[in-house]
Amino acid sequence: MASTEIARQAGEGARGVPLSGHVGFDSMPDQLVNKSVNHGFCFNILCVGETGLGKSTLMDTLFNTKFEGEPTQHNQPGVTLKSNTYELQESNVRLKLTVVNTVGFGDQINKEDSYKSIVEFIDAQFEAYLQEELKIKRTLHSYHDTRIHACLYFIAPTGHSLKSLDLVTMKKLDSKVNIIPIIAKSDAISKSELAKFKIKITSELVSNGVQIYQFPTDDESVAEINSTMNSHLPFAVVGSTEEVKIGNKMVKARQYPWGTVQVENETHCDFVKLREMLIRVNMEDLREQTHTRHYELYRRCKLEEMGFKDTDPDSKPFSLQETYEAKRNEFMGELQKKEEEMRQMFVQRVKEKEAELKEAEKELHEKFDRLKKLHQDEKKKLEEKKKSLDDEVNTFKQKKTAAELLQNQAQQAGGSTTLKRDKERKNPPETHLFMMNVVF
Amino acid sequence: MSEATKPQPQAKGEKTPISDTSYVGIDAILEQMRRKAMKQGFEFNVMVVGQSGLGKSTLMNTLFKSKVSRKSVQPNVEERIPKTVEIKSVSHDVEEKGVRMKLTVIDTPGFGDQINNENCWQPIMKFINDQYETYLQEEININRKKRIPDTRVHCCIYFIPPTGHCLRPLDVEFMRHLSKVVNIVPVIAKADTLTLEERDSFKKTIREELRANGIDVYPQKEFDEDAEDRMINDKIREMIPFAVVGSDQEYQVNGKRILGRKTKWGTIEVENIAHCEFAYLRDLLIRTHMQNIKDITCSIHYETYRVRRLNESNILFTSNPPDHPAPATPQPNGVAAHRSSVE
């Protein structure tokens, strides 16, 4: 049954009606705030800057507590990001604050890839949120949001201009996170130099097309203060957790032989402005911008990269699901093909190896045959030799006996009669015959 | 990647207070949120369901103290009972003390008015699911709007006729089907026909029947967040359903002009809690629990719909059940059964 809408499309979308009494929905903002208070807030700050620029000290000063950690060494091989989560409470507001520090930024000799780990980290947080959002059974309301809401970029107080590392890093980060550039350790710069430095920085940022975070000026209650602050960017800050007695109060300050720099004195540095803007006025806007601008951009790019497109008005719903399934089938098909290929290759290799082995076997057989034949030949030769040797031995024996006999006969021819008889007696009849032959 | 650590060594679980010497200003975020909310405005969508003649439109007008009902917008339509259940929604922009709200009242003329009322809740179910579907479509778009217009039905007020006996089968069926997809607030309409004792026994019977049929009306027990919530909601649960009287006419009583119904035997004051429970309903719906109602719609009913819908497509598009780590793989029977209940 089609639903009909009466009076919904008039003008902006609905008609205004006057109320004739107090209804009570003006308590809605309170209800909303109460719910948020019960739920707690979370805020994630990323501090990017070279080692030794006072990032940790500034965080300590901003939030009035001592966060843990010792200063890092300068010999890191690459840029890593270390994040710590703290639970802070002020009156009835619970804040889950995550401070992410870049460790080793600007310390390497070759800084070409320094920005990469930072960009990867930010993308990883977006990715985690996107994954949670795309899950079927999701718990977005109790999800601990780790997306970076504000990036404080610490500029070294050289007094001249931005370093090229700074420009490159900021350019890479400006579409992913709200960048608030600040001049660190600004007590090293004199007032006149500071003004020139700020102008130089802003003009360099503009000329390089870096989009830093602008405090919003659309809400009348904060438009004025925000626009004044916008003109003071980048803020020149000094951080300190030590307290010094000035007059009769203990204030946070840095004490030098030539004077004391008071952190919360607006004429000394812009710390108060930073705190005002970051926490007291625009924290919610920073979170909103992160979600509606940066995260949406990331999500759009990621989904388009994966091949999804929005549907035309008349195509089937859930193209996301459909495209996903199609891609998945494609992927499975490819996988199967690859598997098939690998199997074929394997079979081929096995065949080849088999053939090789067969060859080898054949060769071995042949060798064996050859050797056998050789052996037989040798044996035959040896036998022949033996035979001939035997023949020789026999012949020799015969000759020997013949020679002996001759000798004996010759001896006996002289004393033959007696010897004859003897010999007759002694010699066997063959010899007698022989001798007879010899006599005649 | 992160670990929750306390800046100062304290017992685990304790929140760290900021030192008293200076004020960081974290609680200014409340003010910032309030400002943002005021700028954006709020949206609230209410559906009224009940037989004709139970005073639905009048009650809406009384609740929001202005002519927000469909009848006020279409004054010249003759009052006829439609042949099938129709869904008519009217939107208004109202403002009070700087807080702007887009209020949508969705009327369902024809519900329960036919001879055969079988499945008369189906158009309503379909409408509610359609709103969820629109929202879901917008949410999964690649280029999506900054603020997705919220047309989901936050609350459904169900009007029970003041018979004084018990719930009718139609009431039970409707509430049983719809309590799973939307927050239902049952009210006893035209309660000025019941005496106080009759009212109490009627309410008790209704509560019994709801419990017996497993119908979870707003505020649902399972969504109580903490002990405080439970306490407040238990008190409300003991009073459900509210016996209300609606009126948009003012009379003079004791020198004051108040909304009421004038009869020969007396004037019923709508906002007098001794007379009827309208004030409790108004407080629940508008002054204290509106945000909570919206939250439950958003995070529970909508999510349930989304899970079901995404799982359905899963089964639609694959011949085999998915083997990648999908968090919820429903049994085909379950989905089929649910689908038949939706249809």
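Because the structure is predicted, anything quoted here is derived from the model rather than measured.

Peer 1: Sorry, what's going on with the sheet that holds strand E11 (residues 266–269) of chain B here?
Peer 2: Residues and elements named next belong to chain B. Reading across from one edge, E9-E10-E11 is the order of the three strands in this open sheet, with antiparallel pairing throughout. Either end of the sheet is taken by a strand with one partner, and the two such strands are strand E9 (250–253) and E11. With direction set aside, neighbouring strand axes in the sheet form an average angle of 65°. Where strand E10 (residues 256–263) meets E11, four bridges bridge the pair, whose relative direction is antiparallel. Its bridge partner being in E11, Thr263 is matched across the sheet by Gly266.

Peer 1: Sorry, what's going on with the environment of Asn282 of chain A here?
Peer 2: Among the structural elements, Asn282 of chain A can be located in the loop between helix H7 (271–281) and helix H8 (283–305). Residues Asn282 of chain A and Leu405 of chain A, spaced 123 residues apart in sequence, show a C-alpha to C-alpha distance of 145 Å. Apart from the residues within four sequence positions on either side, Asn282 of chain A is in contact with Tyr213, Phe215, Pro216, Asn226 and Met277 of chain A together with Gln32 of chain B.

Peer 1: Sorry if this is basic, but what is going on with the sheet that holds strand E10 (residues 249–256) of chain A here?
Peer 2: Remark on secondary structure: sheet strands pair via backbone hydrogen bonds, oriented parallel or antiparallel. Residue and element names in this part refer to chain A. Taken in spatial order, the three strands of this open sheet run E9-E10-E11, and their pairing is antiparallel. With one partner strand each, in any of the chains shown, strand E9 (243–246) and strand E11 (259–262) form the two edges of the open sheet. Taken over all neighbouring pairs, the strand axes of this sheet differ in orientation by 65° on average, direction set aside. Here E9 runs beside E10; their pairing, made up of four bridges, is antiparallel. Bridged to Val244 within E10 is Val251.

Peer 1: Sorry, what's going on with empty space enclosed by the protein here?
Peer 2: The rolling of a water-molecule-sized probe over the atoms marks out the regions of remaining empty space. Residue and element names in this part refer to chain B. A complete count under the given rule lists three cavities of 30 Å³ or more for this structure. By volume, the largest cavity amounts to about 60 Å³. Lining the largest cavity we find Tyr218, Pro219, Gln220, Phe223, Asp224, Glu225, Asp229, Asn233, Asn292 and Ile296. When its residues are assigned to classes, the lining of the largest cavity shows four nonpolar, three polar and three charged.

Peer 1: What is the right way to look at the side chain of Glu139 of chain B in this model?
Peer 2: Note on placement: Glu139 of chain B falls in helix H4 (residues 122–139). Of the polar contacts made by the side chain of Glu139 of chain B, one reaches the side chain of Arg138 of chain A; its length is 3.0 Å. Ignoring any residue separated from it by four or fewer positions in sequence, one finds Glu139 of chain B in contact with Arg138 and Arg299 of chain A together with Arg144, Ile148, Tyr302 and Arg306 of chain B.

Peer 1: Honestly, a negative patch on the surface in this entry has me stumped. Any pointers?
Peer 2: Taken together, Glu359, Glu363, Glu366 and Asp369 of chain A make up a surface patch of like negative charges. Mapped onto the elements, Glu366 of chain A comes out in helix H9 (residues 319–414).

Peer 1: Explain the pairing of strand E5 (residues 93–103) of chain A here, please?
Peer 2: A regular strand places its side chains on the two faces of the sheet in alternate fashion. Residue and element names in this part refer to chain A. Where burial is concerned, most of E5 is hidden: nine out of the 11 residues are buried. Of the strand pairs in this sheet, strand E3 (residues 41–48) and E5 are connected by seven bridges, and their pairing is parallel. Bridge pairing in E5 places Ile45 opposite Val99. Where strand E4 (residues 80–90) and E5 come together, 11 bridges link them in antiparallel fashion.

Peer 1: Just to check I follow, could you spell out the confidence of the model for chain A for this structure?
Peer 2: The predicted coordinates should not be examined in detail at positions where pLDDT is low. Residues and elements named next belong to chain A. Of all residues in chain A, 85% have pLDDT values of 70 or greater, and the mean over the chain is 82. When pLDDT is averaged over each element of chain A, strand E6 (residues 150–155) comes out on top at 91 and strand E1 (residues 3–6) at the bottom at 50. Scored below 50 in pLDDT, residues 6–13 shows 22 contacts in the model against residues more than four places distant or in partner chains.

Peer 1: What am I meant to see in the packing of H4 of chain B against helix H5 (residues 169–178) of chain B here?
Peer 2: The packing of two helices is summarised by the inter-axis angle and the distance between the axes. All names here are of chain B. The interhelical angle for the contact between H4 and H5, taken along N-to-C directions, is 20°, at an axis separation of 11 Å. In this view, H4 runs roughly parallel relative to H5, as classed from their interaxial angle. The handedness of the crossing between H4 and H5 is right-handed. Contacts from Ile124, Met125 and Ile128 of H4 reach H5 at Phe174, His177 and Leu178. Class assignment for the residues of the contact of H4 with H5 results in five nonpolar, one polar and no charged.

Peer 1: For this particular structure, what's the right way to read the packing of aromatic side chains?
Peer 2: Working definition: an aromatic ring pair is given by the centre-to-centre distance plus the angle between the planes. By the definition in use, this model includes 15 aromatic pairs over all chains. Aromatic pair Tyr132 of chain B and Tyr305 of chain B: ring centres 5.5 Å apart, planes at 35°, arrangement tilted. You can see Tyr132 of chain B sitting in helix H4 and its partner Tyr305 of chain B sitting in helix H9 (residues 290–317), a full 173 residues away along the chain. The same class applies to Tyr132 of chain B as to Tyr305 of chain B, namely buried. Among the aromatic residues, ring-to-ring pairing joins Phe126, Tyr129, Tyr143, Tyr295 and Tyr298 of chain A into one connected group. Over the ring of Tyr295 of chain A we find Arg147 of chain A; its NZ or CZ atom is 4.8 Å from the centre of that ring. Sitting over the face of the ring of Tyr135 of chain B, Arg152 of chain B holds its NZ or CZ atom 3.7 Å from the ring centroid.

Rules of the game
Residues numbered from 1 in each chain as written. Chains lettered and ligands numbered in written order. Predicted model: local features only at pLDDT ≥ 70, side-chain atom pairs only at ≥ 80, totals over all residues. Heavy atoms only, no water. Pairing = 2+ DSSP bridges. Helix = DSSP H or I, 4+ residues; strand = E, 2+ residues; numbered from the N terminus. Axes fitted to C-alpha atoms, helices over the stretch in contact; angles between N-to-C directions. Contact = heavy atoms within 4.5 Å. 1 Å grid on protein atoms, 1.4 Å probe; cavity = no way out; pocket = protein on both sides within 12 Å on 5 of 7 lines; lining within 4 Å. Points joined across faces, edges and corners; volume = space filled by probe spheres on them. Nonpolar A, V, L, I, M, F, W, Y, C, P; charged D, E, K, R; others polar. Polar contact = N/O pair within 3.5 Å; in protein donor to acceptor, adjacent residues only side chain to side chain. Patch = residues over 30% accessible without salt bridge, like charges linked within 9 Å, V, L, I, M, F, W, Y side chains within 5 Å. Areas by Shrake-Rupley, 256 points an atom, 1.4 Å probe, with all protein chains shown as cover. Salt bridge = Lys/Arg side-chain N within 4 Å of Asp/Glu carboxyl O. Lys, Arg positive; Asp, Glu negative; His and termini not counted. Charge placed at Lys NZ, Arg CZ, Asp CG, Glu CD. Buried < 20%, exposed > 50% of the residue type's maximum accessible area, 1.4 Å probe, protein only. pLDDT = per-residue confidence, 0-100. Parallel < 35°, antiparallel > 145°, perpendicular 65-115°, else oblique. Left-handed = near helix turned anticlockwise from the far one by under 90°. Phe/Tyr/Trp six-rings, centres within 6.5 Å; stacked < 30°, edge-to-face > 60°. Lys NZ or Arg CZ within 6 Å of the ring centre and 35° of its normal.

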